[in-house]
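Spelled out, the chains give:
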Amino acid sequence: MSFLLGVVIFVVAILISVILHEAGHFLTAKKFGMKATQFFIGFGPTLWSTTRGETEYGIKALPFGAFVRITGMTTLDEVEPDDEPRSMRNKPTWQRAIVMVAGSFMHFLLAFVLLLAIVLGIGQATESTGNTIGSVSTCVPVSAKALSDGSCAGSKRDSPAQKAGIQSGDKIIAVGGKPTRNWTQLGDVIRAQPAGKPVPVTVLRNGKRLTLDATPVIVPNRKGAYLGIGDAVVFQRASPIGAVAFAGSAFGQVLVGSAEAFAKLPAALPDLFKSCPKKPKKTTTRCVSRANTPAGNVSSVVGAADIAGQAVASGGGWEYSVSDLLLIIISLNIFIGAFNLLPLLPLDGGHLAVIFYERIRAWLARLRGRPDPGLVDMQRLIPISAGVFVLLIGLGVLLMAADIFNPVHLAQ
């Protein structure tokens, strides 16, 4: 049920994002006196509509997005002579550019606001300096790398802490008779214990003092004994100034990460359907699944919705679920906003490139003493626009198929 809730929240959030994208175009167009005749949510047959002034607002049957109709966006649009002065193509270059950028700006603004909401409303997760247990491992990792990854793959042994009955929320006050007052001291004492020999672990649980017997073990390629406990995490809210700094830094990190994921896309395509069997055969070659290749960082909206559902269903407290879900929505909005600015038709960035090309061409014409060539004939660009559109649709279908038949699962 919680998985489905996460998916529903994600889908609603994406629909809101698309509506805000179109609202960005719509509001800036109206601000500059352009004529906007329609603003609809969804596509297909009209379920409801109302006209306010010169604009028809409504809801369509298929809630897969939204659209706004601005008079005379390109030379392809037929415009009544009386409406031509208010057409978008007759407005100054800077106004047309702002209208085209406004859609992506709304994605960026939403992402920034949600980042502020996380750090102001929930807080940043930081490790506690105390000696209260935040988590108890269910296994003994097979290697130091598996330990750092939090993976139980290949392990057949329960962790010493789990066997001893240590629970999340317990406060360890002594190990082997040595008092522990903070997490650093606790770690040092545990690693110094002899592996394979039972040691008393004294804990405070619900105000009561308990002594449990645990037998530390050795994790290969790791120094010191292993008990299988994790420190508690606290969520600390930032000040308004600190929140802005955090949001700006996180925004930049996500933007760079989005660019890196996009750059890896060509190399990721061959690995989209690569998976490993649940019971691998004994071979000399280690299986590398999609999750461990660049393809694991590339996903469609279907995959993002699946990960959002996993984030909510994974548990660990509402703070983790909400912040993880919001971060997924934030990342997708930043990616969509940046991707939409690529200079490719029919993306907004493609229309923006055409606008700048017209101005550069007009400037060069003036230098040569020639008249302004005017607007670009978009009829000639239709094959390019159609080719890019087909390519994007094909890529989207491929990613959706990979996310359905070979999904990436969140690490537990």
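Everything that follows concerns the structure shown earlier in this document.
It should be emphasised that the depicted structure is a prediction, and the values quoted were computed from it without experimental measurement. (Residues numbered from 1 in each chain as written. Predicted model: local features only at pLDDT ≥ 70, side-chain atom pairs only at ≥ 80, totals over all residues. Heavy atoms only, no water.)

Caption draft 1: Representation of the packing of aromatic side chains. All chains considered together, the criterion is met by nine aromatic pairs. A centroid spacing of 5.2 Å and a plane angle of 75° characterise the contact between Phe235 and Tyr320, whose relative ring orientation is edge-to-face. Pair noted here: Phe235 is in strand S12 (residues 233-236) and Tyr320 is in helix H9 (residues 318-339), with a separation of 85 residues, a long-range link. Here the aromatic rings of Phe335 and Phe339 are separated by 5.8 Å at their centres, their planes lie at 20°, and the arrangement is stacked. A residue pair is termed a helical-turn pair when its members lie 3 or 4 positions apart in one helix, as Phe335 and Phe339 do in helix H9 at four residues. (Phe/Tyr/Trp six-rings, centres within 6.5 Å; stacked < 30°, edge-to-face > 60°. Helix = DSSP H or I, 4+ residues; strand = E, 2+ residues; numbered from the N terminus.)

Caption draft 2: Fine view of the nonpolar core. If you look at the biggest cluster of nonpolar residues, it comprises 29 residues, and the most contacted ones within it are Phe10, Leu114, Leu115, Phe251, Ile329, Ile330 and Ile334. Every element with two or more residues in this core is listed here: helix H1 (2-31), helix H2 (93-122), helix H6 (240-263), helix H8 (301-313) and H9. With eight residues, H2 is the single largest residue contributor to this core. Excluding residues that lie within four positions of it along the chain, Ile329 makes contacts with Phe10, Ala13 and Leu114. (Core = buried A, V, L, I, M, F, W, Y, C linked by side-chain atoms within 4.5 Å. Buried < 20%, exposed > 50% of the residue type's maximum accessible area, 1.4 Å probe, protein only. Contact = heavy atoms within 4.5 Å.)

Caption draft 3: View of the side chain of Thr55. Relative to the elements of secondary structure, Thr55 occurs in strand S2 (residues 55-70). At a separation of 3.4 Å, a polar atom in the side chain of Thr55 contacts the side chain of Lys30. At a separation of 2.6 Å, a polar atom in the side chain of Thr55 contacts the main-chain carbonyl oxygen of Ala36. The residues touching Thr55, leaving out its near neighbours within four places in the chain, are Phe26, Lys30, Ala36, Thr37, Gln38, Phe39 and Thr50. (Polar contact = N/O pair within 3.5 Å; in protein donor to acceptor, adjacent residues only side chain to side chain.)

Caption draft 4: Highlighting the state of the cysteines. Applying the stated criterion across every chain yields a total of one disulfide. One disulfide bridge connects Cys139 with Cys152, the sulfur atoms lying 2.1 Å from each other. On the sign convention where negative means left-handed, the S-S torsion of about -90° between Cys139 and Cys152 marks this disulfide as left-handed. On the criterion of sequence distance, the pair formed by Cys139 in the loop between strand S4 (133-136) and helix H3 (144-149) and Cys152 in the loop between H3 and helix H4 (160-164) is long-range, its members being 13 residues apart. Given a relative accessible area of 34%, Cys152 falls into the partly exposed group. (Disulfide = S-S within 2.5 Å.)

Caption draft 5: Up close: the environment of Lys163. Residue placement: Lys163 occurs in helix H4. Taking the C-alpha atoms as reference, Lys163 lies 9.8 Å from Cys139; in sequence the two are 24 residues apart.

Caption draft 6: Structural view of helix H11 (residues 382-405). Over its 24 residues, H11 runs 34 Å from end to end, which matches the ideal 34 Å to within 8%, given 1.5 Å per residue. Within H11, the full set of buried residues consists of Ser385, Val388, Leu399, Ala402 and Asp403. Looking at the buried positions of H11, the neighbouring elements they touch are H8. (Expected span 1.5 Å × (residues − 1).)

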